Amino acid sequence: MTQRGTAALIVAAGQGARSGSTLPKQFALLAGKPMIAHSHAALAGHPEIDQIVVVVGEGQAEALNAALGDVRHVPGGATRRMSVRAGLEALAATPPEHVLIHDAARPFLSDAIIDRLLGALAANDGSVPALPIADTLARGDGLLGDVVPRDGLHRIQTPQAFRFETIIAAHRGWSGGEPTDDAQMVRATGGTVALVEGDIMLEKITYPADFAAAEMRHAAAMRVRSATGFDVHRLVEGERLWLGGVLVPHDKGLSGHSDADVALHAITDALLGTIGDGDIGMHFPPSDPKWRGADSAQFLQHAAELVAARGGIVDFVDLTIICEAPKIGPHREAMRRRIAALLRLAPGQISVKATTTERLGFAGRGEGIAAQAIATIRIPGDAA
């Protein structure tokens, strides 16, 4: 066995009965996508994280697949401690040097938090994000009692970072009652756990009101970006005509990169533009033969995944197809539904329009088809 880098565990085995959601809260929608997708994207996008294991409850594998796709996961146990132990044991075959243990109910995780936690492990067995307590603390049972001094008190968050050998030994040797978190288990074995600056965005989501508060915090931290994309291809005989992910009956088809779907190409460039990540040709060079005849849907989904990896949310796409023929109207709704499905959006978030050039230029002469798109996203301020 050889140690390698840093792993992350996302503990998502709870039922979330207090959240008011019909789904376990980790799979409920928050800020446009399943709650668990936020922290998974943050961990997957950090350069120091080499692997992620998600711990889910019994019967939750299908919900996890719907939220994240095919990701590595293991079944949890009856308690949080048992679930974390299951995740650690899954990593033990090829143990990492460090591990981050995170609760799915704290979705808005930043790179800065991860950096601080990992940095503290150079001199400590573990590290946890902590926030100072601002409110007055007092004892009481119906009537106000004595004030409890706040000095030296902290609110502890996740993720919590540990040297892997230390935390798995603490779990394997645990014989006490149910601990409140993993850091207390390390402390009980004599290990040192550093406090690093926490983040109000990591507030835990438990009750229905927490969802509304989280939506507001997330919205305040987001910035709106819009970008355009444009593409054009020649119409030739002997090719099929793909537009907006839909096969459109026509006597000619488009020739060019992949299946030459100018509509999906324009949207792809628009999405790449919102994150300043070049254009479609940089990611899928037309000179590379492996993209010849390829389904342009994979280009669009790749761009959407890049936006998501930056913590971005696609809000709206507006597409204009420019041609004399074929008529776009009969296919408009099919295109909207297809593009929405590819981007995991509602059809109402997609606009498909068509226009002509009054028989002017190459489009007017029926020599080709052009498309222009505008994409609007929200992205965290620290990524903007």
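The paragraphs below set out a description of the structure included in this document. What you see is a predicted model, and the numbers here were worked out from it, not measured in a lab.

## Some thoughts on the overall build of the protein chain
- Helices and strands together make up the secondary structure of the protein chain, namely 12 helices and 19 strands.
- Each principal axis of the C-alpha atoms in the protein chain carries an extent, and together these give about 85 × 55 × 35 Å.
- Working note: accessible area of the protein chain is about 18,300 Å², and carbon and sulfur atoms make up 52% of it.
- Once the 36 positive and 43 negative side-chain charges of the protein chain are each reduced to a mean point, those two points are 2 Å apart.

## Points about the nonpolar core
- The biggest cluster of nonpolar side chains holds 41 residues, and the ones touching the most others in it are Leu243, Leu271, Leu319, Ile321, Leu343 and Ile369.
- Looking at which element gives the most residues to this core, the answer is helix α8 (residues 262–274), with eight residues.
- Sequence-distant contacts of Leu319, that is, excluding residues within four places in its chain, are made with Ala263, Ile267, Ile339, Ser351, Val352, Lys353, Ala371, Gln372 and Ala373.
- In terms of nonpolar packing, the next biggest core, distinct from the first, is built from 29 residues, Ile10, Leu43, Val71 and Leu109 among them.

## Concerning the sheet that holds strand β19 (residues 368–380)
- Reading across the sheet, the five strands line up as β16-β13-β19-β17-β18 and stay open at both edges, with mixed pairing between neighbours. If you trace the sheet from one side to the other, it starts and ends with β16 (253–255) and β18 (350–355), each paired once. Neighbour to neighbour, the strand axes of the sheet diverge by 30 degrees on average, direction disregarded.
- Pairing between strand β17 (residues 313–322) and β18: six bridges, direction parallel. Paired with Asp318 across the bridge in β18 is Ser351.
- Contacts from helix α7 (residues 208–221) reach β13 (222–236), β17 and β19 within the one sheet, and its direction differs from that of β13 by about 70 degrees.
- Sitting on the sheet, helix α11 (residues 332–343) is in contact with β17 and β18, with an inclination near 140 degrees to β18.

## Description of the pattern of salt bridges
- Tallied over the full model, the rule gives 12 salt bridges.
- As a salt-bridge pair, Arg81 and Glu178 come within 3.0 Å of each other at their nearest N and O atoms. Placement of Arg81 in helix α3 (residues 80–91) and of Glu178 in the loop between α5 (164–172) and α6 (182–188) is noted, with a sequence separation of 97 residues between them.
- Linking Glu333 and Arg336 is a salt bridge whose minimum nitrogen-to-oxygen distance equals 3.2 Å. Separated by three residues within a single helix, Glu333 and Arg336 lie in helix α11, roughly one turn from each other.
- Of the residues examined, Arg336 reaches a relative accessible area of 19% and is grouped as buried.
- Here the residues in one salt-bridge network are Arg80, Asp103 and Asp182, joined through shared partners.

## Comments concerning the environment of Gly126
- Relative to the helices and strands, Gly126 is located in strand β7 (residues 126–132).
- Separated by 165 residues in sequence, Gly126 and Trp291 place their C-alpha atoms 46 Å apart.
- In contact with Gly126, other than residues within four places in its own chain, are Leu121, Ala161, Phe162, Thr192, Val193 and Ala194.

## Topic: the pairing of β19
- One ladder, built from 13 bridges, connects β13 with β19; its direction is antiparallel. Each bridged residue has a counterpart across the sheet, and for Asp231 the counterpart in β19 is Ala371.
- Both β17 and β19 contribute to a ladder of nine bridges, which runs antiparallel. Within β19, the position partnered with Leu319 by the bridge is Ala373.

## Remarks on helix α10 (residues 297–309)
- Here α10 contains 13 residues, and its C-alpha end-to-end distance of 18 Å stays within 8% of the 18 Å for a straight helix at 1.5 Å per residue.
- Taken residue by residue, α10 has Ala297, Phe299, Leu300, Ala303, Ala304 and Val307 as its buried positions.
- Looking at the buried side of α10, the elements it contacts are α8, α9 (280–283), β17, α11 and β19.
- Positive backbone phi, at 85 degrees, marks Gly311, one or two positions downstream of α10.

## So, the packing of aromatic side chains
- Per the counting criterion, the structure on display carries three aromatic pairs.
- Each ring, one from Trp291 and one from Phe299, has its centre 5.7 Å from the other, and the planes form 80 degrees; the classification is edge-to-face.

## Some words on the side chain of Thr268
- In this structure, Thr268 sits in helix α8.
- Look at Thr268 and you get buried, because its relative accessible area is 1%.

## Digging into a nonpolar patch on the surface
- A contiguous nonpolar surface patch, about 250 Å² in accessible area, is contributed by Phe230, Val232 and Phe362.
- In this fold, Phe230 is placed in strand β13.
- The exposure class assigned to Phe230 is partly exposed, which follows from its relative accessible area of 45%.

## Structural notes on unusual backbone geometry
- In this structure, the amide linkage connecting Thr158 to the following residue, Pro159, adopts the cis form with an omega of 10 degrees.
- Within the element layout of this structure, Pro159 appears in the loop between β10 (154–156) and β11 (160–163).
- In this chain, Ala325 is followed by Pro326 through a cis amide linkage whose omega measures 5 degrees.
- Positionally, Pro326 belongs in the loop between β17 and α11.

## Section: the packing of α10 against α11
- One way to put it is that α10 packs onto α11 with a least axis distance of 9 Å and a crossing angle of 45 degrees. On the basis of their axis angle, the class for α10 and α11 is oblique. The two elements α10 and α11 meet at a crossing, and its hand is right-handed. Contacts from Ala297, Leu300, Gln301 and Ala304 in α10 reach Arg338, Leu342 and Leu343 in α11.
- For the contact of α10 with α11, the per-class residue count stands at five nonpolar, one polar and one charged.

Thresholds, definitions, all that
- Think of each chain on its own: its residues are numbered from 1, step by step along the sequence as written.
- Totals for whole chains, interfaces and linings use all residues, but because this is a predicted model, local features are given only for residues with pLDDT of at least 70 and pairs of side-chain atoms are given and counted only at 80 or more.
- To get the side-chain values, take all heavy atoms of the structure and skip hydrogens and water.
- Numbering of helices and strands runs from the N terminus, with a helix taken as a DSSP run of H or I at least four residues long and a strand as a DSSP run of E at least two residues long.
- Method for areas: the Shrake-Rupley scheme with a 1.4 Å probe, in which residue coverage is limited to the protein chains shown.
- In this count, Lys and Arg are taken as positive residues and Asp and Glu as negative ones, while His and the chain termini are left out.
- Taken as the charge centre is NZ of Lys, CZ of Arg, CG of Asp or CD of Glu, depending on the residue.
- Residues grouped as a nonpolar core are buried Ala, Val, Leu, Ile, Met, Phe, Trp, Tyr and Cys residues, joined through side-chain atoms within 4.5 Å.
- Note on classification: 1.4 Å probe, protein chains only; a residue is buried when its accessible area is under 20% of the maximum for its type, exposed when over 50%, partly exposed between these limits.
- In this analysis, two residues are considered to be in contact whenever any of their non-hydrogen atoms come within 4.5 Å of each other.
- At least two DSSP bridges between two strands are required for those strands to pair.
- Helix axes are fitted only over the stretch in contact, all axes being lines through C-alpha atoms; the angle between N-to-C directions runs from 0 to 180 degrees.
- A carboxyl oxygen of Asp or Glu within 4 Å of a side-chain nitrogen of Lys or Arg is what we treat as a salt bridge.
- Helices are assigned an expected span. That span is 1.5 Å times one less than the residue count.
- Between 30 and 60 degrees the pair is tilted, below 30 it is stacked and above 60 it is edge-to-face, where a pair is any two Phe, Tyr or Trp rings, Trp via its six-membered ring, whose centres lie within 6.5 Å.
- Think of a patch as exposed residues, more than 30% relative accessible area, with no salt bridge, where like charges cluster within 9 Å and nonpolar side chains (Val, Leu, Ile, Met, Phe, Trp, Tyr) cluster within 5 Å.
- An angle counts as roughly parallel when it lies under 35 degrees, as roughly antiparallel when it exceeds 145, as roughly perpendicular when it falls between 65 and 115, and as oblique in every other case.
- Left-handed is the label given to a crossing in which the near helix is rotated counterclockwise from the far helix by less than a right angle, and right-handed is the label when the rotation is clockwise.
- Classes in brief: Ala, Val, Leu, Ile, Met, Phe, Trp, Tyr, Cys and Pro nonpolar; Asp, Glu, Lys and Arg charged; the others, Gly included, polar.

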